[in-house]
Amino acid sequence: MSAPVDFRPTHVVPPGGLAAWESPDTGRPTVPLDALLPVQLIDRRGDWARILCANAWSAWVDGRLLVTVPQGPPVPGAPLARTADPRPLLARVQDMLSRYRSAAEDLAAGRLDGEAFRQRTQGLRAGMVVDGEAVWLYDAEHERWVYCDGTRLSTFAASGPPSGARASAVPPGAAPSDETRVVGPNGDGSGDG
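These lines cover the structure that appears in this document, whether it is placed above or below. (Residues numbered from 1 in each chain as written. Predicted model: local features only at pLDDT ≥ 70, side-chain atom pairs only at ≥ 80, totals over all residues. Heavy atoms only, no water.)

### Points about the pairing of strand S6 (residues 128-131)
So, step 1. One ladder, built from 4 bridges, connects S6 with strand S7 (residues 134-139); its direction is antiparallel. Looking at the pairing, Val130 lines up with Val135 of S7.
So, step 2. Here S6 folds back onto S7 in antiparallel fashion, the turn holding 2 residues, of which Gly132 has a positive phi close to 65°. (Pairing = 2+ DSSP bridges. Helix = DSSP H or I, 4+ residues; strand = E, 2+ residues; numbered from the N terminus.)

### Points about the nonpolar core
Proteins that are soluble and globular tend to have nonpolar side chains buried together.
So, step 1. In this structure, Val13, Leu18, Ala20, Leu33, Val39, Leu41, Ala49, Ile51, Cys53, Ala59, Val61 and Leu66 together form the largest nonpolar core, which totals 12 residues.
So, step 2. Of all the secondary structure elements, the ones that give two or more residues to this core are strand S2 (38-45), strand S3 (48-53) and strand S4 (58-62). (Core = buried A, V, L, I, M, F, W, Y, C linked by side-chain atoms within 4.5 Å. Buried < 20%, exposed > 50% of the residue type's maximum accessible area, 1.4 Å probe, protein only.)

### Some thoughts on the packing of helix H1 (residues 87-108) against helix H2 (residues 114-121)
So, step 1. Between H1 and H2, the shortest axis-to-axis distance is 10 Å and the interhelical angle comes to 175°. When the axes of H1 and H2 are compared, the pair comes out roughly antiparallel. Residues Tyr100, Ser102, Ala103, Ala104, Asp106 and Leu107 of H1 form the contact with H2, whose own contacting residues are Gly114, Phe117, Arg120 and Thr121.
So, step 2. Of the residues that constitute the contact of H1 with H2, the class distribution is 5 nonpolar, 3 polar and 2 charged. (Axes fitted to C-alpha atoms, helices over the stretch in contact; angles between N-to-C directions. Parallel < 35°, antiparallel > 145°, perpendicular 65-115°, else oblique. Contact = heavy atoms within 4.5 Å. Nonpolar A, V, L, I, M, F, W, Y, C, P; charged D, E, K, R; others polar.)

### Some remarks on unusual backbone geometry
So, step 1. Here Leu36, not a glycine, exhibits a phi torsion of approximately 65°, which is positive.
So, step 2. Mapped onto the fold, Leu36 is located in the loop between strand S1 (11-12) and S2.
So, step 3. Backbone geometry at Ala56 places phi at a positive 80°, although glycine is not the residue there.
So, step 4. Position of Ala56 relative to the elements: it lies in the loop between S3 and S4.
So, step 5. A relative accessible area of 42% means that Ala56 is categorised as partly exposed.

### Some words on a nonpolar patch on the surface
So, step 1. There is a patch of nonpolar side chains on the surface, built from Leu90, Met128 and Val130 and spanning about 250 Å² of accessible area.
So, step 2. Residue class for Met128 comes out partly exposed when judged on its relative accessible area of 43%. (Patch = residues over 30% accessible without salt bridge, like charges linked within 9 Å, V, L, I, M, F, W, Y side chains within 5 Å. Areas by Shrake-Rupley, 256 points an atom, 1.4 Å probe, with all protein chains shown as cover. Salt bridge = Lys/Arg side-chain N within 4 Å of Asp/Glu carboxyl O.)

### Some remarks on H2
So, step 1. The residue sitting at the N-terminus of H2 and contributing the capping side-chain oxygen is Asp113; that oxygen lies 3.3 Å from the backbone nitrogen of Glu115.
So, step 2. Following H2 by one or two positions, Gly123 has its phi on the positive side, about 90°. (Polar contact = N/O pair within 3.5 Å; in protein donor to acceptor, adjacent residues only side chain to side chain.)

### Considering the side chain of His11
So, step 1. Tracing the backbone shows His11 in strand S1.
So, step 2. A distance of 2.7 Å separates polar atoms of two side chains, one belonging to His11 and the other to Thr10.

### Section: the packing of aromatic side chains
So, step 1. In the structure shown here, the tally under the stated rule is 2 aromatic pairs.
So, step 2. Ring plane angle 70° and centroid distance 5.7 Å describe the contact between Tyr100 and Phe117, whose orientation is recorded as edge-to-face. A residue pair is termed long-range when its members are at least 10 positions apart, and Tyr100 in helix H1 and Phe117 in helix H2 qualify at 17 residues.
So, step 3. By relative accessible area, which is 14% here, Phe117 ends up buried. (Phe/Tyr/Trp six-rings, centres within 6.5 Å; stacked < 30°, edge-to-face > 60°.)

The values are spatial; any link to function lies outside them.
Spelled out as structure tokens, the structure:
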């Protein structure tokens with residue numbers, strides 16, 4: 001079967017291949033996708049992404065794990081896309097750490113007992129690894145680790161299955177606003193660990 005006339009890859013499947021489903025539901029699996037297969041993102045529903053292959057076959061995948069095909073460089077001076085801006089997640093991590101530190105100081109000073117400390121810290125979830133300009137942050141809201149190069153976030157690893165949410169169509173040939181790619185330990189996009 002020949003490629004659709006308007007097929008323009010926006011992503012490729014990660015090096016390890018990717019599970020696929022008939023619908024955005026883990027109960028309806030289909031044939032897994034081969035490693036590094038070019039695909040076009042055509043729809044999003046939460047973490048789910050509907051992709052189109054060159055042979056016109058489509059499936060639903062965990063969109064957080066797709067590797068973004070490089071696009072042209074951003075326009076100088078253009079604002080960061082809200083979903084890619086690392087500052088809100090950095091602020092949440094900072095808030096969680098501050099709340100935990102305050103509770104730990106109160107526990108060490110005897111102002112809290114063990115049970116009060118557990119209650120005060122219940123539900124706090126944060127993670128951060130800083131290595132020079134590279135930062136890995138745990139995004140508890142979306143249950144994933146993201147890589148930050150100082151200007152934008154990219155999904156590094158997801159801890160749960162894709163979750164559903166509102167549908168948002170992506171026009172053919174347009175890159176999605178929430179770029180996802182597997183990032184290697186050196187932040188190089190290779191995905192090799």
